[in-house]
Amino acid sequence: MNAPAQERPRTLVAGIGNIFLGDDGFGVETVRALSSHRLPNHLEVVDIGVRGVHLAYQLLDGYDTLVLIDATERGGTPGTLYLIEVDEPGAVEPQNALLDGHRMTPDAVLALLGTLCAGTGAVPPRRTLVVGCEPDNVDEGIGLSTPVAAAVPQAVRMVLDLVREEDHGAAAQRAAAGPAMNRAEGTHP
């Protein structure tokens, strides 16, 4: 009798931003584009928009990896993509009030998540990444600027590559566990 297959680590990709503020809608547009791809079952893609509190509570469901997609001002040329590994609170600079439920920055969401986990016994994601894009215009208005719109397909590729890397890392860990793990997954060495 075979043991049940080990569940794959879950990954959440969350698009953050306000579509009514021009390039701030980058994260939302990127997850829309990403959703049109065939994605592995262990990958969940959500449009969080400006509902940061919702994201913090959703993370209590247990994810191994969190990928946030957001407009990120870092002083580069508009449309420049950044990959930021968040290793501790404060790694992503807060840009707005921490507990504004409709405009929480990634840093504020992670701080709230830490508080929620401490109170519930839940475990935060092992790894948190931000795929950011340098905005050109975040004034009121719908639609991305030309350089930020051109960065959306590149950001989709970046996220898909990150997921593949995570999958390869998980596969390597299962292989390192030895033949017992391989049999549990229904394959034989």
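Refer to the structure presented above.
This text gives an overview of the structure that appears in the document. The shown structure was predicted, so the numbers you read here are calculated from the model rather than taken from an experiment.

Definitions and cut-offs
Residues numbered from 1 in each chain as written. Predicted model: local features only at pLDDT ≥ 70, side-chain atom pairs only at ≥ 80, totals over all residues. Heavy atoms only, no water. Helix = DSSP H or I, 4+ residues; strand = E, 2+ residues; numbered from the N terminus. Buried < 20%, exposed > 50% of the residue type's maximum accessible area, 1.4 Å probe, protein only. Contact = heavy atoms within 4.5 Å. Areas by Shrake-Rupley, 256 points an atom, 1.4 Å probe, with all protein chains shown as cover. Pairing = 2+ DSSP bridges. Axes fitted to C-alpha atoms, helices over the stretch in contact; angles between N-to-C directions.

1. Quick look at the overall build of the chain
Counting its secondary structure elements, the chain contains 5 helices and 5 strands. Listed by position from the N terminus, the elements making up the chain come as β-α-β-α-β-β-α-β-α-α. Residues counted as buried form 44% of the 189 residues belonging to the chain. Sequence-distant contacts in the chain: of pairs separated by 6 or more residues, those separated by 24 or more amount to 77%. Here the chain has roughly 9900 Å² of accessible surface; of this, 53% comes from carbon and sulfur atoms.

2. Points about the sheet that holds strand β4 (residues 81–86)
Here we have 5 strands laid out as an open sheet, ordered β2-β1-β3-β5-β4, and mixed in their pairing. Across the chains shown, the open sheet's two edge strands, defined by having one partner strand only, are β2 (43–49) and β4. Within this sheet the neighbouring strands show an average axis-to-axis angle of 20°, counted without direction. Looking at chain direction, strand β3 (residues 65–71) and strand β5 (residues 127–133) are connected through 7 bridges and run parallel. Considered in β5, the bridge of Ala71 is made with Cys133.

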